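Take a look at the letters that make up each chain.
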Amino acid sequence: MTLQQRVALVTGASAGIGLAIAEHLVKAGARVVVNARRAERLDALAARLGPDRAAAAAGDAADPAALTAALDLARSRFGADADLVVINAGRGLAGSAITSDPAQWGEMVRTNLLGVAHLIRQSAQRMLAMAQAPAGPEGPWRSRPRDIVVIGSVVGRHVSPFSSMYGSTKFAVHGLVEGARRELAPSGVRVTLIEPGFVASEFQGVAGYKEEWFRSILERIGPVLEPADVARAVVFAASQPAHVHVGDVLLRPVRQDYP
Ligand SMILES: NC(=O)c1ccc[n+]([C@@H]2O[C@H](COP(=O)([O-])OP(=O)(O)OC[C@H]3O[C@@H](n4cnc5c(N)ncnc54)[C@H](OP(=O)(O)O)[C@@H]3O)[C@@H](O)[C@H]2O)c1
């Protein structure tokens with residue numbers, strides 16, 4: 001129960017990686033607000049995790065007002081601001097600037113980049129307010145870890161021609177997160193980037209990858225990661241003592257050679 005004192009928010013928790021993260025955080029002792037757009041799935045998840053451990057805040061993770069409502073719910077339900085915010089909501093898109101569907105670019109950039117920026121902004125403001133005293137070697141941050149964990153992608157570090165429009169949003173997230181890390185580190189707030197390779201989830205269907213293509217990936221490099229593999233990395237990073245920061249985690253299926 002390494003996260004027993006922690007209050008968390010996880011975006012994109014109605015499926016895949018976010019759902020697994022919410023389950024693992026609760027198993028590690030945290031109380032969790034879960035967000036995504038599909039309210040019925042979130043309600044079922046919160047009921048399964050237990051009303052004393054989980055609460056659902058349905059809404060669009062790219063909408064600043066929905067993010068404020070989710071953070072407020074953490075405070076009102078669990079009596080404290082979230083000190084572990086996992087920014088996971090996102091979507092893929094098959095293809096490059098030349099081959100992907102331009103009608104989907106706006107929603108993807110809004111969710112994958114602007115939504116991440118809004119939640120970094122809002123959660124950082126609250127986390128900074130938690131420890132008003134000046135930072136320093138003996139600052140109040142020592143007794144209370146605060147984490148912003150962002151789920152990027154291996155294609156935000158290594159260019160992949162089969163998803164370069166999506167990859168460009170994750171490259172932007174990579175830069176955004178490293179900037180926030182440098183900005184918030186002196187105050188003891190840890191900003192962590194986890195960049196998975198292939199994970200089996202609803203992601204491939206939403207992104208519009210052809211089933212034969214994903215099957216060929218599975219045949220070449222499978223087995224790919226499970227959502228729980230990413231969730232364990234989140235728990236590992238957040239469970240470190242307050243003076244330790246696991247800043248960047250690149251997580252691939254063992255046989256993934258590229259990207
Ligand atoms: N799967 C992979 O291979 C892979 C690899 C590297 C990184 N990632 C990243 O991991 C994250 C999670 O992906 P996944 O594999 O778990 O995909 P997934 O199974 O499709 O789940 C995506 C989650 O995000 C939510 N979501 C999407 N847009 C949202 C929005 N505007 N507001 C609120 N929630 C939203 C979805 O819920 P609703 O539809 O209910 O809103 C769902 O819960 C994404 O950031 C993705 O880019 C995935």
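It should be noted that the structure appears before, not after, this text.
Note that the structure is a prediction, hence the values are computed from the model and not measured.

Points about the overall build of the protein chain
Then comes step 1: A count of helical and extended segments in the protein chain gives 8 helices and 7 strands.
Then comes step 2: The C-alpha atoms of the protein chain give a radius of gyration of 18 Å, which matches the 18 Å a tight globule of 259 residues would have.
Then comes step 3: C-alpha extents for the protein chain along the principal axes are approximately 55 × 40 × 35 Å.
Then comes step 4: Residues classed as buried in the protein chain amount to 43% of the 259 residues present.
Then comes step 5: Nonlocal contacts in the protein chain, meaning residues at least 24 apart in sequence, comprise 71% of its contacts between residues at least 6 apart.

Some remarks on the site of the ligand
Then comes step 1: Around the ligand there are 30 residues in total, and Gly12, Gly16, Arg37, Arg38 and Gly90 lie nearest to it.
Then comes step 2: Broken down by secondary-structure element, the contributors of at least two residues to the shell around the ligand are helix H1 (16–27) and helix H6 (203–207).
Then comes step 3: For the shell around the ligand, the element with the highest residue contribution is H1, accounting for 3 residues.
Then comes step 4: Classifying every residue of the shell around the ligand gives 13 nonpolar, 12 polar and 5 charged.

Concerning the sheet that holds strand S6 (residues 189–196)
Then comes step 1: The 7 strands are arranged S3-S2-S1-S4-S5-S6-S7 in an open sheet whose pairing can be described as parallel. The open sheet is flanked by strand S3 (54–56) and strand S7 (248–251), the only strands paired with a single partner. On average, adjacent strands in this sheet sit at an angle of 15 degrees to one another, irrespective of strand direction.
Then comes step 2: Pairing of strand S1 (residues 7–10) with strand S4 (residues 84–87), which is carried by 3 bridges, proceeds in the parallel orientation. In the strand pairing of S4, Ala8 is matched with Leu84.
Then comes step 3: Most of the contacts of helix H2 (residues 39–49) go to S3, to which it runs at about 165 degrees, and overall it touches strand S2 (31–34) and S3.
Then comes step 4: Helix-sheet contacts for helix H5 (residues 164–184) involve strand S5 (146–151) and S6, and the interaxial angle to S6 is about 160 degrees.

Some words on the packing of helix H3 (residues 64–78) against helix H4 (residues 105–130)
Then comes step 1: Between H3 and H4, whose axes approach to 10 Å, the crossing angle comes to 35 degrees. The interaxial crossing formed by H3 with H4 has right-handed handedness. Along the contact surface, H3 presents Pro64, Leu67, Thr68 and Leu71, while H4 presents His118, Leu119, Gln122, Ser123 and Arg126.
Then comes step 2: Of the residues in the contact of H3 with H4, the class split is 4 nonpolar, 4 polar and 1 charged.

Considerations on the environment of Pro259
Then comes step 1: Note on placement: Pro259 falls in the segment after S7.
Then comes step 2: In this structure, the C-alpha to C-alpha distance between Pro259 and Gly179, residues 80 residues apart in sequence, is 24 Å.
Then comes step 3: Ignoring anything within four residues of it in the chain, the contact list for Pro259 reads Val154, Val155, His158, Val159 and Ser160.

Quick notes on the pairing of S2
Consecutive side chains along a regular strand alternate between the two faces of the sheet.
Then comes step 1: Of the two faces of S2, the one lined by Arg31 and Val33 and the one lined by Val32 and Val34 are each fully buried.
Then comes step 2: Pairing geometry for S1 and S2, over 4 bridges, is parallel. When the sheet's bridge partners are listed, Ala8 is paired in S2 with Val32.
Then comes step 3: You can see the chain leave S1, run along H1 and come back into S2, and the turn it takes is right-handed.
Then comes step 4: Assessed by its sense of winding, the connection that carries the chain from S2 through H2 to S3 is right-handed.

Comments concerning the packing of H1 against helix H8 (residues 227–238)
Then comes step 1: Two numbers describe how H1 lies on H8: the axes approach to 8 Å, and their chain directions differ by 50 degrees. In terms of axis orientation, H1 runs oblique to H8. Here H1 and H8 pass one another in a crossing that is right-handed. Between H1 and H8, the residues in contact are Gly16, Ile17, Leu19, Ala20, Ile21, Glu23, His24 and Leu25 and Pro227, Ala228, Val230, Ala231, Arg232, Val234 and Val235, respectively.
Then comes step 2: Each residue belonging to the contact of H1 with H8 can be placed in one class, and the counts come to 11 nonpolar, 2 polar and 2 charged.

With respect to the nonpolar core
Then comes step 1: In this structure, Ala22 and Val34 are the most contacted members of the largest nonpolar core, which totals 66 residues.
Then comes step 2: Sequence-distant contacts of Val34, defined by excluding residues within four places in its chain, comprise Val10, Ala13, Ala22, Leu42, Leu45, Ala46, Ala54 and Ala56.
Then comes step 3: Listed in part, the 6 residues of the second largest apolar core include Leu93, Ala94, Val155 and Met165.

Brief notes about H5
Then comes step 1: Over its 21 residues, H5 runs 30 Å from end to end, which matches the ideal 30 Å to within 8%, given 1.5 Å per residue.
Then comes step 2: All buried positions along H5 are accounted for by Met165, Tyr166, Gly167, Ser168, Thr169, Lys170, Val173, Val177 and Ala180.
Then comes step 3: For H5, the secondary structure elements touched by its buried residues are H4, S5, S6 and H6.

Quick notes on the rules
- Residue numbers restart at each chain and count upward from 1, following the sequence in its written direction.
- Reporting in this predicted model follows two pLDDT cut-offs: at least 70 for local features of residues, and 80 or more for side-chain atom pairs to be given and counted; totals over whole chains, interfaces and linings ignore these cut-offs and use all residues.
- Helix numbers and strand numbers start at the N terminus; a helix is a DSSP run of H or I with at least 4 residues, a strand a run of E with at least 2.
- Values of the radius of gyration come from C-alpha atoms, whereas the globule rule sets the reference at 2.2 Å times the count of residues to the power 0.38.
- Working definition of burial: number of other C-beta atoms within 10 Å of the residue's own, with buried at 20 or more, exposed at 12 or fewer, and partly exposed in between, all C-beta atoms being placed from the backbone.
- Residues are defined as contacting one another if the C-beta atoms placed from their backbone atoms lie within 7 Å.
- Nearness rests on one distance test: the residue's C-beta atom, set from the backbone, must lie within 6 Å of the molecule or strand.
- Each residue gets one of three labels, nonpolar for Ala, Val, Leu, Ile, Met, Phe, Trp, Tyr, Cys and Pro, charged for Asp, Glu, Lys and Arg, and polar for the others, Gly among them.
- Strands are labelled as partners when DSSP assigns at least two bridges between them.
- Here the axes come from fitting lines to C-alpha atoms, over the contacting stretch only for helices, and the angles between their N-to-C directions go from 0 to 180 degrees.
- Crossing handedness follows the turn of the near helix against the far one: under a right angle anticlockwise gives a left-handed crossing, and clockwise gives a right-handed one.
- Think of it like this: strands point away, you trace from the first strand over the helix to the second, and a clockwise trace means the crossover is right-handed.
- An angle below 35 degrees is treated as roughly parallel, one above 145 as roughly antiparallel, one from 65 to 115 as roughly perpendicular, and anything else as oblique.
- In plain words, the nonpolar core is the set of buried Ala, Val, Leu, Ile, Met, Phe, Trp, Tyr and Cys residues that C-beta atoms within 7 Å link up.
- Here the expected span of a helix is defined as 1.5 Å times the quantity of residues minus one.

By themselves, these observations are geometric and do not establish any function.
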